[in-house]
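# Structure assessment
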Amino acid sequence: MSGGHPSRPDGARMQQAQIDQLRRVAIPEQSHFVAGRAFAGTDGGRLDVISPIDGQLLTTIADGSAADVDAAVGAARQAFAAWSATAPAERKRVLLRFADLVEQNALELAVLGVRDNGTEIGMAYRAEPLSSAGTIRYYAEAVDKVYGEIAPTGHGTLGLVHREPLGVVGVIVPWNFPLMIGAWKIAPALAAGNTVVVKPPEIASLTLLRLAALASEAGLPDGVLNVITGRGGCAGEALALHMDVDVIAFTGSGAVGRRLLESSARSNLKRVYLELGGKSPNVVFADAPDIRQAAKVSVNGIFRNSGQVCVAGSRLLVQASVYDRFMAEMLEVTARLKVGDPLDLTSDIGAVSSAAQLHKNLDAVALAEREGAVRLTGGEQLHKDSGGTYMAPTVFAEVTPDMTLAREEVFGPVLAVTRFDDEADAVRLANATTYGLAAAVWTGNLSTAHRMVRAIKAGVVHVNTYGGTDITVPLGGFRQSGFGRDKSLHALAEYTDLKTAWIAL
Ligand code: NAD
């Protein structure tokens, strides 16, 4: 696995010198973004932004209050009437300009995001600004191609089915890919004619603030996209409880997902879409077409972005007859990974996003050992004297389904390995989880592949790959991985409601 050297959109290579220049740019103190301009907030509270690269203070953000959220929701509500009445072709025009601006500022956005959350730059560049620009463009282009329906009624009546925007959409996202995940919700919501208030993750707010400023520069009317930074328990909760918010579109942990459902029930019964975590099984059969390739891709599937990926293949299930060979290949690839400065193009893996997350990961390692799992590699913090939060890729074998490591998401670079005997055993182990976000199956047998795709309870089952995706396919979970779908035209439907006109002729 290599950390990158991805292409710029114009085909030129990302240069280390450009990155080094951007990483030295001082970041001014940040305000909320409301009604098209910076908004200091009502009570002046601030939060420090610490870079996981070196533990240094990057800047401060506003610690949003309920009053700040109320101001943003007010601006969004006021902007809704005009934006929802804007012709789809005009919304498209503005959003296409917005996508272009995101792409033109891709490297700046990527470096800003990496300084904030520690993702390796190659991955951050592709997954954050570039994919976000693609997402905005996809929904912009789609929105003037969506038709209503004429119902097949009897001749005496005409039944028309319109799709209408819902109103004010609250977007709450986590810190692993705030821009990409944010765009998956913001872009279809805006394209469909809604207005939006975003609550970024408190430890990675900077790129979403910049995104809103770029939207404004592109001509998005004031109040259509607003950002309130701050703590989840305060600004996030105020958004979830607000009586004039129509939808909460959320990605994050199951615990917060449950709270959002409660907040909806306690306020105005707003819709809540939940994209939660996973404990995704990656199943390797002995007849996998290329064991070395399977090992290489599986390593990427768990360790990229230090394992902080919702669809990470964190449970590796390997058929007993190929176990020794596969594990030898996998450990060899793992040993070659370079963990280090995420803004160094030669690093494969960057920093864990925060000291709190690093300690959570290290606690999960200690617990796995106490419960009897066998540590094959990793488990420790790296580069301590940098002041940053780095962790070695960690592999545990002999993990049984009852162990915490098999059941609970770590959201860090920690892999649980279990061996299985036959297909029935593989299905039983794969589904031995309360989650159902993603999975993979490696086999050269087409029938096995199709049977496994049907048998595994997950929103996506990869075959002979891990983690590949595209804006054209829906993403979301089964079971306690949540409900609602990001991406594809299905997501556009999530931000509209059906209105029927019943006309007597
Ligand atoms: P988190 O649930 O702690 O926080 C997510 C967001 O919710 C943050 O913006 C936070 O400020 C906000 N929040 C916290 N408490 C809140 C409250 N009471 N009311 C309203 N908002 C509140 O998650 P995290 O630690 O930022 O991210 C890691 C989690 O996200 C993992 O569990 C991971 O699996 C999940 N995740 C899921 C997906 C997916 O697509 N399914 C993608 C990425 C991450």
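Residues numbered from 1 in each chain as written. Predicted model: local features only at pLDDT ≥ 70, side-chain atom pairs only at ≥ 80, totals over all residues. Heavy atoms only, no water.

## Observations regarding the confidence of the model for the protein
Filter applied, for reference: A residue's pLDDT is the predictor's confidence in that residue, given on a scale from 0 to 100. The contact definition used throughout considers only heavy atoms, calling two residues in contact when any of these lie within 4.5 Å.
Residue-level pLDDT values for the protein average 96, and 97% of them are 70 or greater. pLDDT under 50 marks residues 1-12. Its contacts with residues more than four places away, or in other chains, come to 30 contacts.

## Section: the site of the ligand
Defined as follows: Proximity criterion: a residue is near a molecule or strand once any of its heavy atoms comes within 4 Å of it. Residues adjacent in sequence count toward polar contacts only when both atoms are side-chain atoms; beyond that, a polar contact is any pair of N or O atoms within 3.5 Å, and within protein one must be able to donate a hydrogen and the other to accept it. Per-residue and other accessible areas were derived by the Shrake-Rupley procedure at a 1.4 Å probe size, with only the shown protein chains allowed to occlude residues. Using protein atoms alone on a 1 Å grid, points that fit a 1.4 Å probe yet trap it form a cavity, whereas open point sets bounded by protein on both sides within 12 Å along at least five of seven lines form a pocket; residues with an atom within 4 Å of a point count as lining. Occupancy of a cavity or pocket is assigned to a molecule whenever over half of its atoms lie within 2 Å of that pocket's grid points. Strands are runs of DSSP state E lasting at least 2 residues, helices are runs of H or I lasting at least 4, and numbering of each runs from the N terminus. In this classification, Asp, Glu, Lys and Arg are treated as charged, Ala, Val, Leu, Ile, Met, Phe, Trp, Tyr, Cys and Pro as nonpolar, and every other residue, Gly included, as polar.
In the vicinity of the ligand, 27 residues are found, and the nearest of them are Lys199, Glu202, Ser253, Leu276 and Glu409. Within the backbone of Gly232, one N or O atom sits 3.3 Å away from an oxygen atom of the ligand. The separation between a nitrogen atom of the ligand and a polar main-chain atom of Glu275 is 3.4 Å. Protein chains bury 90% of the 840 Å² of accessible surface belonging to the ligand in isolation. In this structure, the ligand is accommodated by the largest pocket. Breaking the shell around the ligand down by element, the ones donating at least two residues are helix H8 (232-241), strand S10 (247-251) and helix H9 (254-266). Classifying every residue of the shell around the ligand gives 14 nonpolar, seven polar and six charged.

## Concerning the sheet that holds strand S6 (residues 157-165)
Definition in use: For two strands to be treated as a pair, DSSP must find at least two bridges joining them. Axis definition: a line fitted to C-alpha atoms, over the contacting stretch in the case of helices. Angles run 0 to 180 degrees between N-to-C directions.
Strand order across the open sheet formed by three strands is S5-S6-S22, with antiparallel pairing between neighbours. In this open sheet, the two edge strands, each paired with only one partner strand, are strand S5 (149-151) and strand S22 (496-504). Shown here is a sheet whose adjacent strand axes are inclined to one another by a mean of 30°, direction ignored. By the bridge criterion, three bridges tie S5 to S6 in an arrangement that is antiparallel. Bridge pairing links Glu149 to Val161 in S6.

## Quick word on the side chain of Thr394
Structurally, Thr394 is set in strand S17 (residues 394-397). Side-chain polar atoms of Thr394 contact the backbone nitrogen of Gly379, separated by 2.7 Å. At a separation of 2.8 Å, a polar atom in the side chain of Thr394 contacts the main-chain carbonyl oxygen of Ala392. Excluding residues within four positions of it along the chain, Thr394 makes contact with Phe303, Val365, Arg375, Thr377, Gly378, Gly379, Pro413, Val414 and Leu415.

## A look at the sheet that holds strand S14 (residues 374-377)
Taken in spatial order, the seven strands line up as S14-S17-S18-S13-S12-S19-S20 in an open sheet, and their pairing is mixed. Two strands bound the open sheet, and with one partner strand each, they are S14 and strand S20 (460-463). Sheet twist, expressed as the average angle between the axes of neighbouring strands with direction ignored, equals 25°. Together, S14, S17 and strand S18 (414-420) form the strand contacts of helix H12 (residues 355-370), whose direction differs from that of S17 by roughly 20°.

## Thoughts on the packing of aromatic side chains
Operational definition: Stacked, edge-to-face and tilted are the three classes for Phe, Tyr and Trp ring pairs, Trp counted by its six-membered ring, which pair at centre distances within 6.5 Å; planes under 30 degrees apart are stacked, over 60 edge-to-face, the rest tilted. Accessible area is worked out with a 1.4 Å probe on protein chains only. A residue is then buried under 20% of its type maximum, exposed over 50%, and partly exposed in between. Sitting over a ring, as applied to charges here, requires NZ of Lys or CZ of Arg to be within 6 Å of the ring centre and within 35 degrees of the ring normal.
Applying the stated criterion across every chain yields a total of four aromatic pairs. Summarising the aromatic geometry, the rings of Tyr273 and Tyr495 are spaced 5.9 Å apart at their centres and angled 90° between planes, so their arrangement reads as edge-to-face. Here the residue Tyr273 occupies a position in strand S11 (residues 271-275), and Tyr495 occupies one in the loop between helix H16 (488-494) and S22, the gap between them amounting to 222 residues. Residues Tyr273 and Tyr495 agree in their burial class; the two are buried. Ring centres 5.3 Å apart and planes at 75° place the aromatic pair Phe285 and Phe420 in the edge-to-face group. On the criterion of sequence distance, the pair formed by Phe285 in the loop between strand S12 (281-284) and helix H10 (291-303) and Phe420 in strand S18 is long-range, its members being 135 residues apart. A relative accessible area of 0% means that Phe420 is categorised as buried. Taking the ring centre of Phe80 as reference, the NZ or CZ of Arg77 above it sits at 5.8 Å. Over the aromatic face of Tyr323 sits the side chain of Arg419, whose NZ or CZ is 3.8 Å from the ring centroid.

## Regarding the layout of surface pockets
Short version of the rule: Grid points are joined across faces, edges and corners, and a volume is the space filled by probe spheres set on the points. Where each domain begins and ends follows an automated or database-derived domain assignment.
In this structure, the largest pocket spans a volume of roughly 1,100 Å³. As for the largest pocket, its lining consists of 46 residues, of which Gly252, Ser253, Gly254, Val256 and Lys360 are closest to the centre. Looking at the lining of the largest pocket, the elements with two or more residues in it are H8, S10, H9, H12 and helix H13 (404-407). For the lining of the largest pocket, the element with the highest residue contribution is H12, accounting for six residues. Looking at the lining of the largest pocket, its residues break down into 22 nonpolar, 15 polar and nine charged. Among the domains, domain 1 (16-276 + 480-504) and domain 2 (281-470) are the pair contributing at least three residues each to the lining of the largest pocket. In this model, the second largest pocket occupies a volume close to 860 Å³.

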